[in-house]
Amino acid sequence: MENKFTLECCVDSVESAINASNGGANRLELCANLSIGGTSPSIFLFKEIRKISSIPMHVLLRPRFGDFLYTDYEKNIIKCEVELFRDAGAEGIVIGALKKDGELDYDFMKEIKEISGDMNVVLHRAFDVCRDPFEVLNQSIEIGLHTILTSGQQNNCLKGMELISKLHEKSQSKISIMAGSGMNSNIIKEFLLKTKIKAFHMSAKQVLNSKMEFRNENVNMGIPSLSEYEIWRTNEEEIRKVKDILNNF
């Protein structure tokens, strides 16, 4: 029963990693800056989590916020990060690159697969903004990718459920199709009843109030809509609730 489903939790801190692991997640997607969709994490965040947990980790490699059309400089950075986390013992990497016409950057993804060694290579939600999802599905299988993380090319995986289900059917189990974006204990029940998806991705985000007592509300350090006095953390109880649903299904 334990291996029937995969429950992956996206985290960007040691505290969230602990909560996800305690809640019953099978695997972590490790990133930084989850509030902007995630960017490449520090190797030291990876190592700090490794000190206290042996939970498998797939590391997001995304050098910046924004699109997935990368310059040669950015590609060199990504390749160095692949080697860095490979040598550090990460179980997988999470990556995606597109061409300007919305096609998969096939050659670059193939190169990443070649230098990744024994790590799993996951195509992230760059897939959700590609031109032809079924073509990219076939290309991902050709390259030998482990998983495609997708919301079904919608903002929320519930809205994209029909496409996610079709992708799973077309994959013929040659690659794992993992549903994510907006996944929670309510939505996962619908996926279990209406699809054959076996892998689920969630952050179980809760927003905590900063412990800062002195506050200067006139200064914003980044995106104006985000408060400097809110901390995003994984909700252990929500992970546990989803895990219980999976175990009892």
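Heads up: these notes are all about the structure in this document. (Residues numbered from 1 in each chain as written. Predicted model: local features only at pLDDT ≥ 70, side-chain atom pairs only at ≥ 80, totals over all residues. Heavy atoms only, no water.)

1. Focus: the sheet that holds strand S4 (residues 92-95)
Let me state the cut-off plainly: At least two bridges found by DSSP between two strands is the condition for calling them paired. Counting from the N terminus, the helices are the DSSP runs of H or I reaching at least four residues and the strands are the DSSP runs of E reaching at least two. The axes are straight lines fitted to the C-alpha atoms, using for helices just the contacting stretch, and the angles between their N-to-C directions are given from 0 to 180°.
Spatially, S1-S2-S3-S4-S5-S6-S7-S8 is the arrangement adopted by the 8 strands of the closed barrel, whose pairing is parallel. Across this sheet, the average inter-strand angle for adjacent strands is 25 degrees, counted without regard to direction. Note: strand S1 (residues 6-11) against strand S2 (residues 27-30), 4 bridges, orientation parallel. Within S2, the position partnered with glutamate 8 by the bridge is arginine 27.

2. Side note on the layout of surface pockets
Note the cut-off: A pocket, in this scheme, is an open set of points on a 1 Å grid over the protein atoms alone with protein on both sides within 12 Å along at least 5 of 7 lines, while a cavity is a set where a 1.4 Å probe fits but cannot get out; residues line either one if an atom lies within 4 Å of a point. Grid points are joined across faces, edges and corners, and a volume is the space filled by probe spheres set on the points. Residues were grouped as follows: Ala, Val, Leu, Ile, Met, Phe, Trp, Tyr, Cys and Pro as nonpolar; Asp, Glu, Lys and Arg as charged; and all remaining residues, including Gly, as polar.
One number sums up the size of the largest pocket: a volume of about 770 Å³. Around the largest pocket, the lining comprises 31 residues; the ones closest to its centre are Leu34, Gly37, Arg125, Ser181 and His201. Of the residues in the lining of the largest pocket, the class split is 12 nonpolar, 13 polar and 6 charged. By volume, the second largest pocket amounts to about 420 Å³. Lining the second largest pocket are 14 residues; nearest its centre among them are Ser35, Leu226, Ser227, Glu228 and Glu230. In the lining of the second largest pocket, the residues fall into 7 nonpolar, 4 polar and 3 charged.

3. With respect to the pattern of salt bridges
Filter applied, for reference: A pair is scored as a salt bridge if a Lys or Arg side-chain nitrogen falls within 4 Å of a carboxyl oxygen belonging to Asp or Glu. For every residue, the accessible area obtained with a 1.4 Å probe (protein chains only) is divided by the maximum for its type, and the residue is called buried under 20%, exposed over 50%, and partly exposed between those limits.
The final tally for this structure, using the stated rule, is 15 salt bridges. Here glutamate 8 and arginine 27 are joined by a salt bridge, their closest N and O atoms 2.8 Å apart. Separated by 19 residues along the polypeptide, glutamate 8 in strand S1 and arginine 27 in strand S2 bring together distant segments of the chain. Across this residue pair, the class does not change: glutamate 8 and arginine 27 are buried. Several salt bridges converge on common partners, so that one network encompasses Arg64, Asp67 and Glu74.

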